[in-house]
Amino acid sequence: MEKKDIIFLEKLLYKTDKSYVISQLANINNSLLLHYFAANYNWNNGFDIPTVILENENCDLGTGLLMFYFADGYRMLENPDEFSSSSLKEWKAFLNKIYNKLINFEFKYQNISFNPGLTKIQKYKLKKNHPDIPDMLISKSPGKVVDIPKI
C-alpha cells in the first residue's frame, strides 16, 4: 500500500465529521482500502460507518466476513436465541444485514481472504449446536491473504 493511501485512511479514521467519512467511504473504489479501514475502525463508534462499507459495491467478501467477526458475529452464531433477544437494535440490524449478504453471496468480489481464526473445537461446537450454520461463516474466505497495517 502506498504512503498516500495510509495517510488518507489515517485521516478518515480519526476524522470527527461522520458525514464526511461516510461520503468518502461511499466513493472508495478500492476493495483493499475498504478492508484496511474496516480492520482499523473503532467498533465502539457504532455501525453507521461499517454499514456504508458493507453497502459499497467494492466491498469484498473477505471484508464482509471480517466485519461480521469484528462486530462480534460469533455471538450470533453461538447463541441465536440470546442474539435475537438482545436489546442492542443497531447491532442486531447490522449483523442481520451482513449475515444475509454473506450467506446469499451478494459480494461482487472475493479477492481478499479473511480467516475468522476459529479453532477446530469452536467450529465443532457451533456445528453440533447449529448444524445449519453455513461453512462459509466459520471458515477462511477465498482470496489472497493480506497483511493489515495498523493505522
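Structural data are supplied above this passage.
Here's a quick rundown of the structure. Remember, predicted model here, so these are calculated numbers, not experimental data.

A word on the side chain of S141
The topology assignment puts S141 in the loop between helix 9 (120–129) and strand 2 (144–145). Among residues more than four places away in sequence, those in contact with S141 are L61, G62, L65, I112, S113 and F114.

Details of the environment of L137
With respect to the secondary-structure elements, L137 resides in the loop between helix 9 and strand 2. Assessed through its relative accessible area of 0%, L137 is described here as buried. Ignoring anything within four residues of it in the chain, the contact list for L137 reads L65, Y69, L77, Y99, L102, I103 and P116.

Re the pattern of salt bridges
Applying the stated rule across the entire model yields five salt bridges. Here K4 and D5 are joined by a salt bridge, their closest N and O atoms 3.5 Å apart. Residue classification places D5 among the buried residues on the basis of a relative accessible area of 16%. A salt bridge links K127 to D135; the shortest N-O distance between them is 3.1 Å.

Things to note about helix 4 (residues 48–55)
Counting buried residues in helix 4 gives six out of eight residues, a clear majority hidden from the surface. Looking only at helix 4, the buried set comprises I49, P50, T51, V52, I53 and L54. At its buried positions, helix 4 is contacted by helix 2 (18–26), helix 3 (31–40), helix 5 (61–70) and helix 8 (89–103).

Rules used throughout
- Residues numbered from 1 in each chain as written.
- Predicted model: local features only at pLDDT ≥ 70, side-chain atom pairs only at ≥ 80, totals over all residues.
- Heavy atoms only, no water.
- Helix = DSSP H or I, 4+ residues; strand = E, 2+ residues; numbered from the N terminus.
- Contact = heavy atoms within 4.5 Å.
- Buried < 20%, exposed > 50% of the residue type's maximum accessible area, 1.4 Å probe, protein only.
- Salt bridge = Lys/Arg side-chain N within 4 Å of Asp/Glu carboxyl O.

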